[in-house]
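# Descriptive analysis of the structure
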Amino acid sequence: MERYPFAEIEPKWQRRWEEGGLFRCPTDAPNKYYCLVMYPYPSGDLHVGHGRNYIIGDAVARYEMMRGRSVLTPMGWDAFGLPAENAAIERGIHPPVWTDQNIIKMKAQFEAWGIGYDWEREFASHQPSFYRWTQWIFVKLFQHGLAYRKAASVNWCPSCATVLANEQVVDGKCERCDSVVAPRDLEQWFFKITDYADRLLTGLDRLEGWPERVRIMQRNWIGRSEGVEIDFTVAETGDPLPCFTTRVDTTFGVTYMVMAAEHPLLRGLVAGTDREAEVLAFADKVRAQAAIERGAADVEKVGVWTGRHVVNPVNGEKVQLWIANYVLMEYGTGAVMAVPAHDQRDFEFAREYGLPIRVVIDRPDDPLSADGMTEAYVEDGVQANSGEFDGLPNREGIERIADWMEGKGIGRRAVSYRLRDWLVSRQRYWGTPIPVIYCAACGPVAVPEEDLPVLLPTDVTFSGKGESPLTTSASFLEAPCPKCGGEGRRETDTLDTFVDSSWYLLRYISPKEESAPFVTTDVNHWFPVDQYIGGIEHACGHLIFVRFMTKVLHDLGLVGFDEPIERLFSQGMINKDGTKMSKSKGNAVPPDELIARYGADTERLYTLFIGPPDRDSEWSDTAVEGAYRFLNRVWNLVMDWPFDANGAATPEPLTAPDLPDSVQALHRKTHQTIRKVTHDMDGFHFNTAVAAVMELTNAVRSFIEGLGEKKPSGRERAAVREATRHIVLLLAPMVPHFAEELWERAAGSGSIFAAAWPGFDEDAAREDVVTIAIQINGKLRGDVDVPRGSEEAAVVALAQQNERLAKHLEGKELKRVIFVPDRIVNLIVK
């Protein structure tokens, strides 16, 4: 068997695509299709697991191209971030040098895979021509009150004397030196994403092209709750301590109060008291724990009493004020009224620390005893120990007590969100400089738009210790105040890289524009993105931030849409040896070796065939060999039975009504496969699309084997050539080099991607025999195979003769028949 010459044809077609501009798309192109894969961090080394989303994106782009769409599929680089700064520290390489080297490597890897992009639209987030506009957007948010500064907690390594990102904290310790990380409060910049919480939530209902699990994750992350905000007061100081609750019916059952370790009032409340040292030490310990661990239902509940009390406004009762690990600032006000009789976390905590329990929602027929309770009672019941509300069903009590609180001015109905404002400050060098100058007289002042970009300086020292390297650059730090002209000092924090990625999708449309971040009329033409592809791990980060930023830009009149993405696909991971591929784990499969041995199209085909693309899949080296063998079988099949790419999709001999059964069967299988693959490509079921083409290939080979030594007739040759022609067309988005070469050999010239995606003949695809379900008195009892279009009487007769059905019909009289042609028969008998 001849092996297809991948080493020759793949570089050939990669050059052709680039020279011919196959993926270059005019900005004013009609019938647009914007297909975008999330831009990558330029790490420099890709493995086959990384390739999954890029190969999927390329297959989608090529498929839509064949369907006549003007496909825009650009690529850029999420170039800022911590790894480049670490490389500068560890290897003595300046971040842009290391980043640019990696971009060159990754572009070569994309090319080797045969991934096509409109490289004329390429940019990287570390280029001043891009981050100038990130700074411009920051200034716009600052001017409209959507960017502000306040104190916030960060991870501080006392040994390295530096702030750590969450990713650098492993088990509460610094990943560099293994020192225990301590929380520290620093002034930080935030975006007011909470102003958009409700719109972000309601907008999810319009995102019908997004995976439901992503929408659920975002709903939960935003976390809208309706309830009441109650005005508790610290007894000893008079400080208000508001608390949000969705269970106002339990307010009379509050027996203690809990505040988060991060609560801004905490230090002031305990200052100068004999409990100050113990409370603050405990708070620091708790703050070092990850929020996800603290919020887990099974976490051990621990806390300390602050020495203070809180007055419950509904009954004037003073209860102890505690701090505990299970209360977070991320929800409500950071203070929680504890009702141990009706909340399991509070119950466990109260039992541990000997705090009182009071029943206020009782069982009508079996009253509860607080002393005898072994767990919290969380079901509905009637109000008890609740003053004038005793005896009310608690659901009615929720409304009545809320009305009562509002009437007395001690509480008000409110909506609370789990979502918190977006902290965008980073205490590191390799990021977009925040365009703010601090003036003793004027405070923080935004850099004027005409002075942007604020460039990253190169005269910095990378020590890995102390503050940001930007503080070591005298040329950067000093700047006059834009308002008064007096002495000023630049902000030394840089922006979170998620700020870059919150708007980069728009820049692809106008990548060379110098007067604005994008041309509004052009982005209005191309948006929303028709298909966005990227991992589900971005559901509650990037995919929320990009929606927020789009809504902001819409409100500023800069874009004409407020949702940026029409359809979203989140690919699963490719694992090896049961775990996620990783260089550090030693299970990463480099693509270079595979491409050298089997060709890029073999890797592409196997990547698409490995399993449902939205689920995790296990890589198998031996299965790659199977994909390679399949391509060679197709190659030899087409070489032996060449088709005419310029001829009719369905040869004339196959349109006759009296086709031999074997020819009719192959003709039918061809059109069934076109229908199946088209459906699967539309639904991102690439694995079953590949399987369908494999089945058709096997059917063709069986047909040819059935011919034996006899000379095939014109109809037989036509059936085979119709099938091979469509095999090549259907494979084109998935194995483009391979398909291009076979198409050129059949057509003499031209790209297969200029050819139309094949249509199917519904009549030709229809089976002559159908399986009809047989019900007896509405219950499925079996089925029968009948010629398509069979009359009711014929189907009933077959059913009555069927041995499996006979026992259900024996001795019974047929009263009525419900018949749905070619689908179902329901026999009503007595």
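Computed from a predicted structure; not experimentally measured.

Once that is clear, we can look at the environment of Arg24. Looking at where Arg24 falls in the secondary structure, it is placed in the loop between α1 (6-20) and β1 (32-37). It is 53 Å that separates the C-alpha atoms of Arg24 and Ser790, two residues lying 766 residues apart in sequence. In contact with Arg24, other than residues within four places in its own chain, are Glu18, Glu19, Asp118 and Glu120. Within polar-contact distance, the side chain of Arg24 engages the backbone oxygen of Glu18 at 3.3 Å.

Attention now moves to empty space enclosed by the protein. Summed over all chains, the structure comprises one cavity of 30 Å³ or more. Lining of the largest cavity is provided by Tyr33, Val60, Tyr63, Glu64, Arg567, Met681, Asp682 and Phe684. Secondary structure elements with two or more residues in the lining of the largest cavity: α2 (51-66) and α21 (661-682). Element by element, the count of residues in the lining of the largest cavity is highest for α2, at three residues. Here the lining of the largest cavity spans two domains, since at least three of its residues come from each of domain 1 (6-126 + 502-571) and domain 3 (615-765).

The next thing to look at is the domain arrangement of the chain. When the domains of the chain are assigned, the result is domain 1 (6-126 + 502-571), domain 2 (224-417), domain 3 (615-765) and domain 4 (769-829). A straight line from the C-alpha centre of domain 2 to that of domain 3 covers 68 Å.

This next bit is on the packing of aromatic side chains. Two descriptors summarise a pair of aromatic rings, namely the distance from one centre to the other and the angle between the planes of the rings. Inspection of every chain in the model, using the stated rule, returns 50 aromatic pairs. Aromatic pair Phe110 and Tyr117: ring centres 5.7 Å apart, planes at 75°, arrangement edge-to-face. Neither Phe110 nor Tyr117 differs from the other in exposure class; each is buried. One aromatic cluster is present, built from ring pairs that chain together Phe138, Phe142, Trp189, Phe191, Tyr196, Trp422, Phe498, Phe545 and Phe548. Above the face of the Trp221 ring, Arg418 is positioned so that its terminal group lies 4.5 Å from the ring centre. Residue placement shows Arg490 over the ring face of Phe476; its charged tip is 5.8 Å from the ring centre.

Spatially, β2-β1-β24-β25 is the arrangement adopted by the four strands of the open sheet, whose pairing is parallel. On the outer flanks of this sheet lie β2 (70-72) and β25 (568-569), each paired with one strand and no other. Alignment of β1 against β2, held across three bridges, turns out to be parallel. Looking across to β2, one finds that Tyr34 is bridged to Leu72.

Reading the values: rules and limits
Each chain has its residues counted from 1, following the order in which its sequence is written. Only residues with pLDDT of at least 70 get local features here, since the model is predicted, and only at 80 or more are side-chain atom pairs given and counted; chain-wide, interface and lining totals rely on the full set of residues. The side-chain numbers reported here are obtained from all heavy atoms of the structure, hydrogens and water having been left aside. Secondary structure elements follow DSSP: runs of H or I no shorter than four residues count as helices, runs of E no shorter than two count as strands, and numbering proceeds from the N terminus. Pairs of residues are marked as contacts when any of their non-hydrogen atoms sit within 4.5 Å. For the purposes of these results, a polar contact is taken to be a pair of N or O atoms within 3.5 Å, where, inside protein, one atom must be able to donate a hydrogen and its partner to accept one; residues adjacent in sequence count only when each atom of the pair is a side-chain atom. Points on a 1 Å grid, built from protein atoms alone, make a cavity when a 1.4 Å probe fits but cannot get out and make a pocket when they are open with protein on both sides within 12 Å along at least 5 of 7 lines; residues with an atom within 4 Å of a point are the lining residues. Grid points are joined across faces, edges and corners, and a volume is the space filled by probe spheres set on the points. Where each domain begins and ends follows an automated or database-derived domain assignment. Two rings belonging to Phe, Tyr or Trp (six-membered ring only in the last case) form a pair when the distance between their centres is within 6.5 Å. Interplanar angles under 30 degrees mark stacking, angles over 60 mark edge-to-face geometry, and anything in between is tilted. Each residue is assigned to one of three classes by its accessible area relative to the maximum for its type, calculated with a 1.4 Å probe on protein chains only: buried under 20%, partly exposed between the two thresholds, exposed over 50%. For a Lys NZ or an Arg CZ to count as sitting over a ring, it must be within 6 Å of the ring centre and within 35 degrees of the ring normal. Note: two strands are recorded as paired if DSSP finds a minimum of 2 bridges between them.

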